[in-house]
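Residues per chain are reported as follows:
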Amino acid sequence: MANSGCEELRGQEGESFLYFAYGSNLLTERIHLRNPSAAFCCVARLQVICLGAKENGLPLEYQKKLNAIEPNDYKGEVSEEIEDIIRKGETKAH
């Protein structure tokens, strides 16, 4: 799988986690209010977040809320890893 650029931010299991922010939590100042050590990793797409929630068996109510979020149709650059996840998800859907 392609390098997302986040490997150096990941610690030993239990020491760190990846958090997908949207809305006001995209602001560094906002996320640092509750997590001062948070560090930007990469840009993702809502579609990938929804696929990850399903794949990891997150509660259905949470998945429904994620799926209800209106995408902003971001067309900019994301990591190759994210693009691969999107392609795999589209293949499974068809």
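Please read all numbers here as calculations on a predicted model, not as lab measurements. (Residues numbered from 1 in each chain as written. Predicted model: local features only at pLDDT ≥ 70, side-chain atom pairs only at ≥ 80, totals over all residues. Heavy atoms only, no water.)

### Focus on the overall build of the protein
From N to C terminus, the protein includes four helices and zero strands. Taken from the N to the C terminus, the helices and strands of the protein come in the order α-α-α-α. For the protein, the proportion of its 94 residues judged to be buried stands at 18%. Intrachain contacts of the protein at a sequence separation of at least 6 include 65% that bridge at least 24 residues. Looking at the protein as shown, the accessible area adds up to about 7800 Å², and 53% of this sits on carbon and sulfur atoms. (Helix = DSSP H or I, 4+ residues; strand = E, 2+ residues; numbered from the N terminus. Buried < 20%, exposed > 50% of the residue type's maximum accessible area, 1.4 Å probe, protein only. Contact = heavy atoms within 4.5 Å. Areas by Shrake-Rupley, 256 points an atom, 1.4 Å probe, with all protein chains shown as cover.)

### Considerations on the packing of helix α2 (residues 46–55) against helix α3 (residues 60–68)
The interhelical angle for the contact between α2 and α3, taken along N-to-C directions, is 170°, at an axis separation of 10 Å. By the angle class used here, α2 and α3 are roughly antiparallel. Taken as a pair, α2 and α3 cross one another with a handedness that is left-handed. Contacts between α2 and α3 involve Leu-46, Ile-49, Cys-50, Ala-53 and Lys-54 on the former and, on the latter, Gln-63, Leu-66 and Asn-67. Within the contact of α2 with α3, the residues separate by chemical class into five nonpolar, two polar and one charged. (Axes fitted to C-alpha atoms, helices over the stretch in contact; angles between N-to-C directions. Parallel < 35°, antiparallel > 145°, perpendicular 65-115°, else oblique. Left-handed = near helix turned anticlockwise from the far one by under 90°. Nonpolar A, V, L, I, M, F, W, Y, C, P; charged D, E, K, R; others polar.)

### Observations regarding the pattern of salt bridges
Taken as a whole and judged by the stated rule, the model has one salt bridge. For Arg-87, the salt bridge identified is with Asp-84, shortest N-O distance 2.6 Å. Here Asp-84 and Arg-87 lie together in helix α4 (residues 80–93), a separation of three residues that amounts to about one turn. (Salt bridge = Lys/Arg side-chain N within 4 Å of Asp/Glu carboxyl O.)

### Quick look at α2
Along an α-helix, a turn takes 3.6 residues, which lines up residues three or four apart on a common side. Along α2, the residues classified as buried are Val-48, Ile-49, Cys-50 and Ala-53. Just downstream of α2, Gly-57 is the residue with a positive phi angle, here 65°.

### Points about the UniProt feature "binding site: substrate" (unreviewed entry) in the protein
Within this structure's numbering, the places UniProt gives as "binding site: substrate" (unreviewed entry) are Tyr-19, Phe-20, Ala-21, Tyr-22, Gly-23 and Ser-24. Mapped onto the secondary structure, Ala-21 falls in the segment before α1 (28–34). (UniProt positions renumbered as here; feature names shortened; annotations may be inferred.)

### Details of the environment of Ala-38
For Ala-38, the location among the structural elements is in the loop between α1 and α2. Among residues more than four places away in sequence, those in contact with Ala-38 are Ile-31 and His-32.

### Let's talk about the confidence of the model for the protein
Per-residue confidence for the protein averages 75 on the pLDDT scale, and 77% of its residues sit at or above 70. Element-level mean pLDDT values for the protein span from 74 in α4 up to 90 in α3. (pLDDT = per-residue confidence, 0-100.)

### Topic: the side chain of Gln-63
You can see Gln-63 is positioned in helix α3. Once residues lying within four places of it in the same chain are set aside, the contact partners of Gln-63 are Ala-53, Lys-54, Gly-57 and Leu-58.

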